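Remarks on the overall topology
Each chain, written out:
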Amino acid sequence: MKLLVVGGGGREHAIIKKLRENPDVTEIFALPGNGGIAADATCVPIKATDIDAIADFAVRNRIDYAVVAPDDPLVLGCVNVLEAAGIPCFGPRAEAAVIEGSKVFAKDLMKKYGIPTARYESFSDAEEALAYLETVPAPIVVKADGLALGKGVIIAETRDEARAAVRSIMLDKKFGKSGSRVVIEEFLTGPEVSVLAFTDGKTLVPMVSSMDHKRAGDGDTGLNTGGMGTIAPNPYYTEEIARVCMETIFLPTIRAMNAEGRTFRGCLYFGLMLTPDGPKVIEYNCRFGDPETQVVLPLLESDLLTVMRATTDGTLDRTEVKFRSGSACCVVMASEGYPVAYEKGCPLTIPASVAPYVYVAGAAQKDGRLVASGGRVLGVTATADTLSGAIRTAYERVASIDFAKGFYRKDIGARALKAKGAQ
Ligand code: AMP
Ligand code: GLY
């Protein structure tokens, strides 16, 4: 089978490595992939958002199955265009991907169907948004409606900060068209959990839970990033909480999307907060998380391609989706200065014994060597019977990598270990 994977980050590398475990897979094309993914797939320089060129490539190369991983092509309708060209796909169509593409849509869906989430109001008029701010207590959460590279959420500690956020999103158009509407919502507290789930629109199978570490610095300090590391499973996500989430959040979401005529197939990501009032949805994503995928897929025992195709064929109820017991840890190595300004071109040396456990997020090939080309550069992972074992091995692997201009958090998994100790 010839496969195509749209995207070019650490998440796509993890997906590609897992897909390669299926003996029927003869070739995988990554569009565009990256210099590290090139070790596991044929990289083709077509941008992930160039959906007509992607469909054209898929038809010309007789692709048997395509996996569309990132949010922007999904929201732009990459799956619709590929399907129209006769290529079966993993991922939601545009009409379902809107669950991530528009925060106003997601919030209105949750309100209409009684799915627990933070209280909110949405606005398309800046003056009305500013007037509303005067009526709610700080901290206040301000969110741009559309995709904003993970930067469209502002947690304002004071009303002044909230006003500045509304102005920069709606008037200065900091995120372009994504900011023509805003959601203003109540600030929630509690541990965060990421749950990715396979679904064919009828059946939903949650994957092992995980915990992201979004801030750049140790002890959850510094700026928000795309994610500096992950562990799985998340110790806060007990069996009892999983049961509550299935009944009050996961299944109601799938049913709600069906009722709206927007059946969701693919991977639905639930960003949850375990508040004192029970689990609530912080965000939906229409795709695998990054770097959650880098800890979830190494724990998947079943064949990924078989499960993905079952979400397309509507046969997920008859397909085994099994995770091994044990834990996984992923430590992200980023370029110094990330997430603000960072240098590109620093050489990287990854020992051959460690390479199978490294997912490359932002690196290019230059003169036969791997060099850093992005903010987040590597996701270094390990699995073990225990969480502490996975963390230890992941950091040993990090220490063996030569990346002079790189940095990483030293405390990935520390909070999870503490929570485990407390249980
Ligand atoms: P997002 O970009 O939607 O993933 O949001 C970024 C982060 O902002 C989330 O992971 C949460 O930590 C935080 N966040 C978003 N919404 C809320 C909320 N209503 N209350 C508290 N924190 C929030
Ligand atoms: N790690 C967060 C996300 O993928 O959106």
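For the structure, check the block above.
Residue numbers here run from 1 along each chain, matching the order of that chain's written sequence. For naming, the first written chain is A and the first written ligand is 1, with later ones following in the order written. Where local features are concerned, this predicted model is filtered to residues with pLDDT of at least 70; where side-chain atom pairs are given and counted, the filter is 80 or more; whole-chain, interface and lining totals use all residues. Side-chain figures throughout are based on the complete set of non-hydrogen atoms in the structure, without hydrogens or water.

Thoughts on unusual backbone geometry
- Across the junction of Leu31 and Pro32, the peptide omega takes the value 0 degrees, indicating a cis bond.
- Secondary structure elements follow DSSP: runs of H or I of four or more residues count as helices, runs of E of two or more count as strands, with numbering from the N terminus. With respect to the element layout, Pro32 can be found in strand β2 (residues 27-32).
- A positive phi is found at Lys173, a non-glycine position, where the angle reads about 55 degrees.
- For Lys173, the location among the structural elements is in the loop between α8 (159-171) and β9 (182-186).

Observations regarding helix α2 (residues 51-60)
- Only protein chains enter the calculation, and the probe is 1.4 Å; a residue is then buried if its accessible area is under 20% of its type maximum, exposed if over 50%, and partly exposed in between. By the burial criterion, the buried members of α2 are Ile51, Ile54, Ala55, Phe57 and Ala58. The arc that holds every buried residue of α2, seen down its axis, measures 160 degrees, which confines them to one face. Along α2, exposed side chains directed more than 90 degrees from the buried face belong to Asp52 and Arg60.
- Every residue pair with non-hydrogen atoms within 4.5 Å of one another is taken to be in contact. Residues of α2 that are buried make contact with β1 (2-7), β2, α3 (71-76) and α4 (78-84).
- Of the residues flanking the end of α2, it is Arg62, one or two places downstream, whose phi is positive at about 50 degrees. Directions from the helix axis toward the C-beta atoms define the arc.

Notes on the site of ligand 2
- Around ligand 2, a shell composed of Asp212, Gly226, Tyr269, Asn285, Arg287, Gly289, Asp290, Pro291 and Glu292 is seen.
- In protein, a polar contact means a hydrogen-donor-capable atom and an acceptor-capable atom, both N or O and within 3.5 Å, with residues adjacent in sequence counting only if both atoms are side-chain atoms; elsewhere, any N or O pair within 3.5 Å suffices. In the environment of ligand 2, a nitrogen atom lies 2.9 Å from a nitrogen or oxygen atom belonging to the side chain of Asp212.
- Between ligand 2 and the protein, one listed contact pairs a nitrogen atom with a backbone N or O atom of Asp290 at 2.9 Å.
- Note on areas: Shrake-Rupley, 1.4 Å probe, and residue coverage restricted to the protein chains presented here. Notes on ligand 2: free accessible area 200 Å², of which the protein chains cover 90%.
- Three residue categories are used. Nonpolar comprises Ala, Val, Leu, Ile, Met, Phe, Trp, Tyr, Cys and Pro, charged comprises Asp, Glu, Lys and Arg, and polar comprises the others, including Gly. Class assignment for the residues of the shell around ligand 2 results in two nonpolar, three polar and four charged. A molecule or strand has a residue near it when one of that residue's heavy atoms lies within 4 Å.

Quick notes on the environment of Met170
- Along the chain, the position of Met170 falls in helix α8.
- With 41 residues separating them along the chain, Met170 and Ala129 place their C-alpha atoms 9.4 Å apart.
- Every residue in contact with Met170, bar those within four places of it in the chain, is listed here: Phe123, Ser124, Asp125, Ala126, Ala129, Gly179, Ser180, Arg181 and Val182.

What to know about the site of ligand 1
- Around ligand 1, 15 residues are found, and the nearest of them are Glu185, Glu186, Leu188, Glu192 and Glu283.
- For ligand 1, an oxygen atom lies 2.3 Å from a polar atom in the side chain of Glu192.
- One of the side-chain nitrogen or oxygen atoms of Glu283 is found 2.8 Å away from an oxygen atom of ligand 1.
- Contact with the protein chains covers 90% of the free accessible surface of ligand 1, which is 480 Å².
- Elements supplying a minimum of two residues to the shell around ligand 1: β7 (140-144), β8 (153-156), β9 and β17 (278-285).
- Of the residues that constitute the shell around ligand 1, the class distribution is eight nonpolar, one polar and six charged.

Regarding the sheet that holds strand β22 (residues 369-372)
- Here three strands make up an open sheet; going across it, the order is β19-β22-β21 and the pairing antiparallel. Each of the sheet's edge strands pairs with one partner strand only, and the pair in question is β19 (347-348) and β21 (363-366).
- Being paired, for any two strands, means DSSP has found at least two bridges between them. The sheet contact formed by β19 and β22 spans two bridges and is antiparallel. Note on β22: the bridge partner recorded for Leu348 is Leu370.

Digging into the nonpolar core
- Buried Ala, Val, Leu, Ile, Met, Phe, Trp, Tyr and Cys residues that are joined via side-chain atoms within 4.5 Å together make up what is termed a nonpolar core. Counting 49 residues, the largest nonpolar core has Leu4, Leu82, Ile99, Phe250, Phe270, Leu272 and Tyr284 as its most contacted members.
- The greatest single-element share of this core, amounting to six residues, is contributed by helix α9 (residues 239-259).
- Sequence-distant contacts of Ile99, defined by excluding residues within four places in its chain, comprise Phe105, Ala106, Leu109, Thr253, Met257, Phe264, Leu268, Tyr284 and Cys286.

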